[in-house]
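Take a look at the letters that make up each chain.
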Amino acid sequence: MNEIEESDPLQLLKQYSNKDILPELIDPEGNVVSSLREAAFIKFDNKTFDKNTTTNFRSAATNELLPLSVLYHATITKKLDLVHYNEDATNEKFPTRLGFVDRRNWLDFLKGIISSVSDLGKGSLARSYEKRPFEDTIDSEQQLAAERRRKRKVEYEKDKLWRESYQKKKEILPKSVWESVLESKAKDENYSFFIQIADDFFLKTRKDPQDRSGHLRTSEPIQRTYRSMQSRTKAPRVPIVLVPSAPSAFITMFNVKELLQDERFEDQIKLRDIKSKKERLIQITHKGKQYEFADTTDNFQDSDWDRVVCVITDGNEWPFKKYKWKTPQETFKHVSGIYFKYYGDDIKKCVKTWRNVKCIDIHRDLRHRDPEAYMEFWNVVERVGI
């Protein structure tokens, strides 16, 4: 540490924070106290500062330089969210506290994301966040989405005009026997009646109504057409995403819907106290397509495994023993993997060795950045498909 850093209380506070130790609080008589309210000085080894010393940390909201005591309090409460931070400041009877932007800047300074606080509040702050892969293409993705919406709207308008034109013509023409049958029966019964009536129709209109061979040749194509229509109208398969079942996992069935549908991360441990019980199956619709999320595969059949497109892993290997492919290495040869973690936390060593697993960061205190994780997840899943 150079001489400037040794005389700068903010740099000293940062060094102490990184080592998870706190400077001493000294009262006017020179005694060590535990409460900042009772203290008059803050001591770093052989350096002592008045707790009201004006620092070079400038508030982005008021453009004023803040005292050391406010930043000391923001340091010891760095693990609290903004609401509990303000509650603690109220309990300590602090007249001055950090707003959302100032507290974010201060915490970034402690983590080393911001190297200097001298430019805070001047609009020239250079934040060195790790660049996400999708940030370069986010504008083009939005443009493509807007273009798709525009095309769908044009197609809808064309269909609407066609329907209106067809409806007008239909009202003029008398209803045929085919329409009467199709409208009077359920879909499962309609086509059998349709074939029956077609059978009678072709027999009556042929010159020789007793020519059964002609009838049979006519009815067979109708049945084949019905079968082909059945195969074309079969409902599309719903993709499945597997979720960790461990109670300590980062993403579970308690908070997966909040993040991947509502675009907001919630701590699953807190949600356990709010929600009465865990859902066995969660359905989420994304861009008009339905997806199913489950954390158990006990009743899975081969057709269900064919629908699995993604596995959200917490880094544990034991859940894979119940999967079709038995190991993480084999599983991620067939499906994509997602590993969620807090920004700044280390990735588990085993996850680093697994191919086809995407690591997605969640920021602890920056809820406005949750949509970034939401988009990263769906970008991976949409590329897979079934």
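Keep in mind it's a predicted model, so treat the numbers as computed, not measured.

Details of the sheet that holds strand E2 (residues 32–33)
- Strands sit in the order E2-E1-E3-E4 across an open sheet of 4 strands; the sheet is antiparallel. What marks the edges here is a single partner per strand, and that holds for E2 and strand E4 (47–50).
- Strands in contact with helix H2 (residues 9–18) are strand E3 (41–44) and E4; relative to E3, the strand with the most contacts, it is inclined by about 60 degrees.

Some words on the side chain of Ser69
- Here Ser69 lies in helix H3 (residues 68–76).
- Overall, the relative accessible area of 11% leaves Ser69 in the buried class.
- For Ser69, the contacting residues outside a window of four places in its chain are Leu36, Lys51 and Asn52.

As for the sheet that holds strand E11 (residues 336–342)
- Taking strand neighbours across the sheet as the criterion, the 6 strands line up as E8-E9-E7-E10-E11-E12 in an open arrangement whose pairing is mixed. For this open sheet the edge positions go to strand E8 (282–286) and strand E12 (357–362), each flanked by a neighbour on one side alone. With direction set aside, neighbouring strand axes in the sheet form an average angle of 25 degrees.
- Here strand E7 (residues 240–242) runs beside strand E10 (residues 308–312); their pairing, made up of 3 bridges, is parallel.

Considerations on the packing of aromatic side chains
- Within the structure shown, the criterion is met by 19 aromatic pairs.
- When the centroid spacing of 5.6 Å and the interplanar angle of 70 degrees are considered together, the rings of Phe320 and Phe332 count as edge-to-face. Placement of Phe320 in the loop between E10 and helix H13 (328–334) and of Phe332 in helix H13 is noted, with a sequence separation of 12 residues between them. The burial state of Phe320 is the same as that of Phe332; both residues are buried.
- Ring pairs connect the aromatic residues Phe300, Trp305, Phe320, Tyr323, Trp325, Phe332 and Trp354, which therefore count as one cluster.
- Note that Arg364 overlies the ring of Tyr342, its terminal NZ or CZ placed 4.1 Å from the centroid.

What to know about the pattern of salt bridges
- Under the defined criterion, the tally for this structure stands at 13 salt bridges.
- For the salt bridge of Lys275 with Glu258, the shortest nitrogen-to-oxygen distance reads 3.1 Å. Taken as a pair, Lys275 in the loop between helix H11 (268–274) and E8 and Glu258 in helix H10 (residues 256–260) lie far apart in primary sequence, 17 residues in all.
- On the basis of relative accessible area, Glu258 is assigned to the buried category, the value being 16%.
- One salt bridge in this structure joins Glu330 and Lys333, with 3.6 Å as the shortest N-O distance. Placement of both Glu330 and Lys333 in helix H13 is noted, with a separation of 3 residues, approximately one turn of the helix.
- Linked through salt bridges whose partners overlap, the residues forming this network are Glu292, Asp304 and Arg307.

Overview of the environment of Gly99
- Considering the arrangement of structural elements, one finds Gly99 in the loop between helix H4 (82–91) and helix H5 (100–111).
- Counting along the chain gives 38 residues from Gly99 to Ala61, while the straight-line C-alpha distance between them is 7.8 Å.

Brief notes about helix H15 (residues 370–384)
- The terminal C-alpha atoms of H15, which comprises 15 residues, lie 22 Å apart, in line with the 21 Å expected from a rise of 1.5 Å per residue.
- Listed in full, the buried residues belonging to H15 are Asp370, Glu372, Ala373, Tyr374, Glu376, Phe377, Trp378, Val380 and Val381.
- In the segment just after H15, Gly385 is the residue with positive phi, at about 65 degrees.

Quick notes on the environment of Ile274
- Summarising the element assignment, Ile274 is placed in helix H11.
- Note on Ile274: relative accessible area 66%, which makes it exposed.
- The spacing of Ile274 and Phe254 is 20 residues in sequence and 9.7 Å in space, taken between C-alpha atoms.

Digging into the pairing of strand E9 (residues 289–294)
- Relative to E9, E7 runs parallel, the two sharing 3 bridges. Pairing of Val241 across the sheet is with Phe293, part of E9.
- Direction of pairing for E8 relative to E9: antiparallel, over a ladder of 5 bridges. The residue of E9 that forms the bridge with Thr285 is Gln290.

Overview of the confidence of the model for the protein
- Of all residues in the protein, 75% attain a pLDDT of 70 or more, and the chain-wide mean is 79.
- Counting interchain partners and residues more than four positions distant, the pLDDT-below-50 stretch residues 185–189 has 2 contacts.
- Note on residues 207–220: pLDDT is under 50 here. Beyond four places in sequence and across chains, it has 8 contacts.

Considering the packing of H3 against H5
- Where H3 contacts H5, the axes come no closer than 10 Å and their chain directions differ by 70 degrees. Classified by the angle between their axes, H3 and H5 sit roughly perpendicular to one another. Here Leu71, Ala74 and Thr75 of H3 lie close against H5, whose contacting residues are Trp106, Leu107 and Leu110.
- Considered class by class, the residues forming the contact of H3 with H5 number 5 nonpolar, 1 polar and no charged.

What counts, and at which threshold
Residues numbered from 1 in each chain as written. Predicted model: local features only at pLDDT ≥ 70, side-chain atom pairs only at ≥ 80, totals over all residues. Heavy atoms only, no water. Pairing = 2+ DSSP bridges. Helix = DSSP H or I, 4+ residues; strand = E, 2+ residues; numbered from the N terminus. Contact = heavy atoms within 4.5 Å. Axes fitted to C-alpha atoms, helices over the stretch in contact; angles between N-to-C directions. Buried < 20%, exposed > 50% of the residue type's maximum accessible area, 1.4 Å probe, protein only. Phe/Tyr/Trp six-rings, centres within 6.5 Å; stacked < 30°, edge-to-face > 60°. Lys NZ or Arg CZ within 6 Å of the ring centre and 35° of its normal. Salt bridge = Lys/Arg side-chain N within 4 Å of Asp/Glu carboxyl O. Expected span 1.5 Å × (residues − 1). pLDDT = per-residue confidence, 0-100. Parallel < 35°, antiparallel > 145°, perpendicular 65-115°, else oblique. Nonpolar A, V, L, I, M, F, W, Y, C, P; charged D, E, K, R; others polar.

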